[in-house]
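Below are the chains, spelled out letter by letter.
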Amino acid sequence: MSSAVLSEVPLAAAPAQPPALACHVHKFGGSSLADAACIRALAGLVADDARLRPVVVSAMHGTTNALVALADAARGGADWKPGWDVLRQRHLDTASAFEAAPAGSLHAAIEGEFALLADDLQALAGGSGDMAKLDARIHGAGELLSSRLVQAALGPGWQRLDARDVLVVQAGEMGASVDWDASRARLAQWRLANAPRDVVVTGFVARDAQGRATTLGRNGSDYSAAIFANLFDADALTIWTDVDGVLSADPRLVPDAVCLDAMSYAEACELAYFGAKVLHPQTLAPVQGRGVPVRIRNSRNPAAPGTLIAPDSAPAASPVKGLSLVPDVAVLELVGNGLVGVPGMAERMFAALNRAGVSVTMISQGSSEHSICCVVRADQAERGRDAIVAAFADAIVDGQAQGVAVTHDLCVLAAVGDGMVGTQGVAARLFDGLAQARVNIRAIAQGASERNISVAIAQADATRALRAAHAAFWLSPQTVSVGVIGPGQVGKALLAQLAGVLPGLRAQSGVDLRLRGVASSRRMHLSDGALDPAHAVDALRGEAGQPCDLDAFAAHIRASHLPHAMIVDCSASDAVAARYPQWLAAGIHVVTPNKHAGSGDWARYAAIAAARRSGQSRFLYEATVGAGLPVIFTLRNLLDTGDTLHGIDGMLSGTLAWLFNSFDGSRPFSALVREARALGYTEPDPRDDLSGLDVARKLVILAREAGRPLSLDDVAVESLVPEALREVPVEAFLDRLEEMDVPMQARLDAARADGCGLRHIAKLDQGGHASVGVRALPADHACMHTRLTDNLVQFTTARYADNPLVVQGPGAGPQVTAAGVFGDVLAIAHALR
Ligand code: ADP
Ligand code: ASP
Ligand code: MG
């Protein structure tokens, strides 16, 4: 077994300080030390710097995890040798890139380190000796190995410094704290003895006051680098990693995270403290006092400038620079109705937690002092609760305090930025963004510095919350997960329109509509990534995709990691409309040209209204009435601005509009029906149009929008289909179309005799009476000035009493209907911004 105490650097009584040199410390993380090629490339990154270049290294990528696993295995009595051998082989293979001879000094040194490692693992397995020290030595072996490889790669002239020879630290609750005097003295000794120009230093490892090996904690080599920047009196520190710099959020959780040009020390500290792995939370402390600029750079992309962390940073466009997450926390809440106004309550609680060695991430207290909440690490929650219960035992017995509640499975999301100081509305924007993404906030804290707002939320909501908050501060586009049902004519036209517009929309308006599912009545296709709308329907052809299951479809669209979800129903199915209440209640926005929900059963209509309120979701259906015309929009605006509706009348069917626009007596009515059918203006069975039912549905939708609880049965509908032809098969109907001609011609003649013409009109009068049918109208009526398939809606209101407000234009066809649907989709997306 190897010796328990590290090699001693003899200390002179009053060590002389070496002369100060211009110095630039570089640190390479494990991600920059993945293999021999990375290690070789490192020489180029530190090459053109005339200053003294201490290079602080982490272990090769994955090594520390492997070493921790080896120590755990040894302690647990498992066989650690195979893992040890894999690690040894990896390091020897890497060494071969720098030293051809397997018997050379580098290989020998690596073998020597592995022999010591095996001794330590053996000792750990035997359960004898100082376990903490053995653990630290095993965990820290990776840096001893990597520093040898890096030294070989950098070439002759480079010294190697085992940080355990000079860096003296003391482990504490807040992490390792440096004994600066002792460390400085030891380094001075070492430098006098070695007089190096350049030196490779082991990161992560250190010694304690008794000379035993210890570490700075996981990810601690950033901290090592900053400590050595201080000890070497460096004027610059560069931390090389595998991302372009500090990003606005963890890129693994927020793929749209952006690289920050600059940050202040305070911002970087907050982000690191709240979990941004790119920087160890203690990193900036050693350089802060000296104002040393720290740059985070990408060793795989050295052309990128990286992020500069300096005492102050220039204000950015957004008050929030970045967001981070602390996973695996719990909330402890002391509830004490009888403690209101009792001084020292918080002090007693936190003193108890401190004594129990529980570290507190966040504190939140209402001004009533009725309860105090704090967030602690999940693995310390039970200990924390017991400590508080013990500290308040007397108050609990007296009934002054009700006890301590623990909530598990939480995380803390923190928004950080110097720009938040004195900027109003930052918290509101964060809370609003989270609310829109259906994230419930359990506790809130804002530091007095106003540099950070943190909220405790459910762990299950973490990614969705992070993305929603990121978008809420304009750091990335608002992402909406979209599903389209019904790839008929309108559905296809919508997808084609989406394909043309989406890329520009993302760039210009900050909305990222991500098509993640399409469904027909039979099949559906779900995708985790974004589908190309131009080809999405192909995925439903034949037996492609999977059988349609609307519940599974909705569950997929409402992905837990995406902030917003929307289903666009372009089917004409009542079964799909029947799902709206449950979708809306689950927070999924619904957009549709399907008239079934708006004009169907009243109970379902009421359930939809209740579900939108409870789910805070939106239901838009502009295209149900006038296709792309702003009919519902106009009505809503009139009412919302306080106007009073007196009546609605107009032409709500493009098919019937065309028929009566064309019916001038020169051709029989039956010939016009045949032509309209050939042009595709009618349904395959023209009676679906001629019955007036579709128009009646639209009128019901408008009436309900105006607050009248109308149902289809309340509309007096005149069907144009003669009684005798209503039940016959469609072919027989088409054969006997001429039976309509005589009565229809008679009506036209009668109207003309009065100086009028015929139009198919839907009418809602002031008393709420609704009717649909053919009317004779004078030549100056607005409906007599329509063309082709124009729809026309007249709103007579208190403000528009003498001259009604008219909305007119083509009201049918897949393209304009799809555009009406798209308009609703965008209205929802923009409201999220
Ligand atoms: P190294 O091995 O260089 O020390 P780390 O893996 O410790 O690298 O840290 C870099 C990683 O931190 C990145 O690859 C990234 O996945 C993660 N990370 C988390 N939050 C952030 C953030 N806000 N900015 C940049 N990277 C982050
Ligand atoms: N190698 C150590 C770890 O993985 C230290 C570091 O990488 O910063 O935690
Ligand atoms: Mg790191």
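The rules behind these values
- Residues numbered from 1 in each chain as written.
- Chains lettered and ligands numbered in written order.
- Predicted model: local features only at pLDDT ≥ 70, side-chain atom pairs only at ≥ 80, totals over all residues.
- Heavy atoms only, no water.
- Helix = DSSP H or I, 4+ residues; strand = E, 2+ residues; numbered from the N terminus.
- Rg over C-alpha atoms; globule rule 2.2 N^0.38 Å.
- Buried < 20%, exposed > 50% of the residue type's maximum accessible area, 1.4 Å probe, protein only.
- Contact = heavy atoms within 4.5 Å.
- Areas by Shrake-Rupley, 256 points an atom, 1.4 Å probe, with all protein chains shown as cover.
- Lys, Arg positive; Asp, Glu negative; His and termini not counted.
- Charge placed at Lys NZ, Arg CZ, Asp CG, Glu CD.
- Near = heavy atom within 4 Å.
- Polar contact = N/O pair within 3.5 Å; in protein donor to acceptor, adjacent residues only side chain to side chain.
- Nonpolar A, V, L, I, M, F, W, Y, C, P; charged D, E, K, R; others polar.
- Expected span 1.5 Å × (residues − 1).
- Arc of directions from axis to C-beta.
- Axes fitted to C-alpha atoms, helices over the stretch in contact; angles between N-to-C directions.
- Parallel < 35°, antiparallel > 145°, perpendicular 65-115°, else oblique.
- Left-handed = near helix turned anticlockwise from the far one by under 90°.
- Pairing = 2+ DSSP bridges.
- Disulfide = S-S within 2.5 Å.
- Core = buried A, V, L, I, M, F, W, Y, C linked by side-chain atoms within 4.5 Å.
- Phe/Tyr/Trp six-rings, centres within 6.5 Å; stacked < 30°, edge-to-face > 60°.
- Lys NZ or Arg CZ within 6 Å of the ring centre and 35° of its normal.
- Salt bridge = Lys/Arg side-chain N within 4 Å of Asp/Glu carboxyl O.

Student: Explanation requested: the overall build of the protein in the structure shown.
Tutor: A tally of helices and strands in the protein yields 30 helices and 31 strands. Over its C-alpha atoms the protein spans a radius of gyration of 37 Å, topping by over 25% the 28 Å that the globule rule assigns to 833 residues. With respect to the principal axes defined by its C-alpha atoms, the protein has extents near 125 × 75 × 50 Å. Here the protein holds 833 residues, and the buried ones make up 54% of them. Across the protein, every contact between residues at least 6 apart in sequence was considered, and the portion connecting residues at least 24 apart equals 73%. Summing over all exposed atoms, the protein offers an accessible surface of approximately 33600 Å²; the carbon and sulfur share of this is 53%. With 71 positive and 87 negative side-chain charges, the protein shows a spacing of 3 Å between the two charge centroids.

Student: For this particular structure, what's the right way to read the site of ligand 1?
Tutor: The immediate surroundings of ligand 1 are formed by 19 residues, with Ser31, Thr241, Asp242, Leu247 and Lys277 found nearest. The separation between an oxygen atom of ligand 1 and a polar side-chain atom of aspartate 242 is 2.8 Å. Surface burial for ligand 1 is 92%, taken as the share of its 570 Å² of free accessible area covered by protein chains. The class makeup of the residues in the shell around ligand 1 is eight nonpolar, six polar and five charged.

Student: Before we go on, may I ask you to explain helix H3 (residues 81-96) in this structure?
Tutor: Counting along an α-helix, one turn takes 3.6 residues, and residues three or four places apart therefore face a common direction. In a regular helix each residue adds 1.5 Å, so 16 residues correspond to 22 Å; H3 covers 22 Å between its end C-alpha atoms and thus fits that length. If you check which residues of H3 are buried, you get Trp84, Leu87, Arg88, His91, Leu92, Thr94 and Ala95. Here the buried residues of H3 occupy an arc of 160° about the axis, which is enough to place them on one side. Residues of H3 that are buried sit in contact with helix H1 (36-47), helix H2 (63-75), helix H4 (105-126) and helix H6 (141-154).

Student: Would you mind going over the packing of helix H7 (residues 180-194) against helix H8 (residues 221-231) with me for this structure?
Tutor: Relative orientation and spacing of two packed helices are given, respectively, by the angle between their axes and the distance between those axes. In the contact formed by H7 and H8, the axes pass within 10 Å of each other and the chain directions differ by 70°. When the interaxial angle is binned, H7 and H8 end up roughly perpendicular. Considering how the two elements wind past one another, H7 and H8 form a crossing that is right-handed. Contacts between H7 and H8 involve Trp180, Ser183, Arg184 and Leu187 on the former and, on the latter, Ile227, Asn230 and Leu231. For the contact of H7 with H8, a count of residues per class yields four nonpolar, two polar and one charged.

Student: What's the story with the site of ligand 2 in this structure? I'm lost.
Tutor: Around ligand 2, the neighbouring residues are Ser58, Ala59, Thr64, Glu143, Phe204, Arg218, Asn219, Gly220 and Ser221. The contact in question runs from an oxygen atom of ligand 2 to an N or O atom on the side chain of serine 58, over 2.7 Å. Looking at the shell around ligand 2, its residues break down into two nonpolar, five polar and two charged.

Student: I would appreciate a short explanation of the pairing of strand E13 (residues 322-335) in the present structure.
Tutor: Across a regular strand the side chains alternate sides, sitting on one face of the sheet and then on the other. Taking burial as the measure, the 14 residues of E13 include ten buried ones, the bulk of the element. When E13 meets strand E16 (residues 403-416), the two strands line up antiparallel, connected through eleven bridges. Looking across to E16, one finds that valine 329 is bridged to leucine 410. Summarising the sheet, E13 and strand E15 (residues 371-377) pair through seven bridges and their orientation is antiparallel. What sits directly across from valine 331, in E15, is valine 375.

Student: Help me understand the side chain of serine 31, please; the structure alone is not making it clear to me.
Tutor: Tracing the sequence through the fold places serine 31 in the loop between strand E1 (24-28) and H1. When neighbours within four sequence positions are excluded, serine 31 is seen to be in contact with His61, Thr241, Asp242 and Arg300.

Student: I'm lost on helix H24 (residues 654-662) in this one. Help?
Tutor: In terms of burial, H24 is a largely internal element, seven of the nine residues being buried. For H24, the set of buried residues is Gly654, Thr655, Leu656, Ala657, Trp658, Leu659 and Phe660. In this structure serine 653 caps H24, since a side-chain oxygen of it lies 3.3 Å from the backbone nitrogen of threonine 655.

Student: For this particular structure, what's the right way to read the state of the cysteines?
Tutor: Two cysteines joined by a covalent bond between their sulfur atoms form a disulfide. Taken as a whole and assessed by the stated rule, the structure comprises zero disulfides. As a non-bridged cysteine, cysteine 374 has cysteine 373 as the owner of its nearest cysteine sulfur, 7.5 Å distant. For cysteine 374, a relative accessible area of 1% translates into the label buried. The cysteine cysteine 570 is free of any disulfide, with cysteine 548 supplying the nearest cysteine sulfur at 14 Å. Judged by its relative accessible area of 12%, cysteine 570 falls in the buried class.

Student: I tried to follow the nonpolar core on my own but got confused; where do I start?
Tutor: Proteins that are soluble and globular tend to have nonpolar side chains buried together. Grouped together as the largest cluster of nonpolar side chains are 73 residues, with contacts concentrated most on Tyr580, Trp583, Leu659 and Phe660. The element that contributes the greatest number of residues to this core is helix H27 (residues 693-705), accounting for seven residues. Excluding residues that lie within four positions of it along the chain, phenylalanine 660 makes contacts with Phe669, Leu720, Met744, Leu758, Arg759, His760 and Val774. In this structure, Val205, Tyr223, Ile227 and Ile296 belong to the second largest nonpolar core, which totals 46 residues.

Student: Please explain the packing of aromatic side chains as it appears in this structure.
Tutor: Any pair of aromatic rings gets described here by the distance separating the centres and the angle formed by the planes. According to the stated counting rule, one finds twelve aromatic pairs in the structure shown. Plain terms: the ring middles of tryptophan 84 and phenylalanine 114 are 6.0 Å apart, the flat faces sit at 80° to each other, and that makes the pair edge-to-face. In this pair, tryptophan 84 is assigned in helix H3 and phenylalanine 114 in helix H4, connecting sequence segments 30 residues apart. Just as tryptophan 84 is buried, phenylalanine 114 falls in that class too. Taking 5.5 Å as the distance between ring centres and 45° as the angle between the ring planes, the aromatic pair formed by phenylalanine 660 and phenylalanine 669 counts as tilted. Judged by its relative accessible area of 2%, phenylalanine 660 falls in the buried class. Taken together, the ring pairs in this structure connect Tyr580, Trp583, Phe619 and Tyr621 into an aromatic cluster. The ring of phenylalanine 392 carries arginine 348 above its face, with NZ or CZ at 4.4 Å from the centroid. Positioned above the aromatic ring of tyrosine 605 is the side chain of arginine 704, whose terminal nitrogen or guanidinium carbon lies 4.7 Å from the ring centre.

Student: Is there a simple way to think about the sheet that holds strand E20 (residues 511-519) in this case?
Tutor: Pairing in this open sheet of seven strands is mixed, and the strands run E22-E21-E20-E19-E23-E24-E25 from one edge to the other. Taken across any chain shown, the strands that pair with only one partner, and hence form the sheet edges, are strand E22 (546-547) and strand E25 (619-620).

Student: What's the story with the pattern of salt bridges in this structure? I'm lost.
Tutor: For the structure shown, the criterion picks out 41 salt bridges. The closest approach of N and O atoms between aspartate 135 and arginine 75, which form a salt bridge, is 2.6 Å. On the criterion of sequence distance, the pair formed by aspartate 135 in helix H5 (residues 131-139) and arginine 75 in helix H2 is long-range, its members being 60 residues apart. Arginine 75 sits in the partly exposed class, given a relative accessible area of 40%. For the salt bridge of aspartate 120 with arginine 137, the shortest nitrogen-to-oxygen distance reads 2.7 Å. Of this pair, aspartate 120 sits in helix H4 while arginine 137 sits in helix H5, placing them 17 residues apart in sequence. Of the two residues, aspartate 120 and arginine 137, neither departs from the other in class, the shared state being buried. Here the residues in one salt-bridge network are Asp256, Arg506, Asp512 and Arg514, joined through shared partners.

Student: What am I meant to see in the side chain of serine 454 here?
Tutor: If you trace the backbone, serine 454 turns up in strand E18 (residues 452-458). Side chain to side chain, serine 454 and asparagine 452 meet in a polar contact 3.3 Å long. If sequence neighbours within four positions are ignored, serine 454 has contacts with Phe274, Met362, Val412, Leu413, Ala414, Ala443, Ile444 and Ala445.

Student: Explain the sheet that holds strand E30 (residues 790-797) here, please?
Tutor: Two modes of strand pairing occur in sheets, parallel and antiparallel, and in both the strands are linked by backbone hydrogen bonds. Reading across from one edge, E27-E29-E28-E26-E30-E31 is the order of the six strands in this open sheet, with mixed pairing throughout. The open sheet terminates on both sides in strands that have one partner only, identified here as strand E27 (715-717) and strand E31 (805-810). Taking each pair of neighbouring strands and ignoring which way they run, the sheet shows an average axis angle of 30°. Alignment of E30 against E31, held across six bridges, turns out to be antiparallel.

In short, the description is geometric, and any link to function would need to be established separately.
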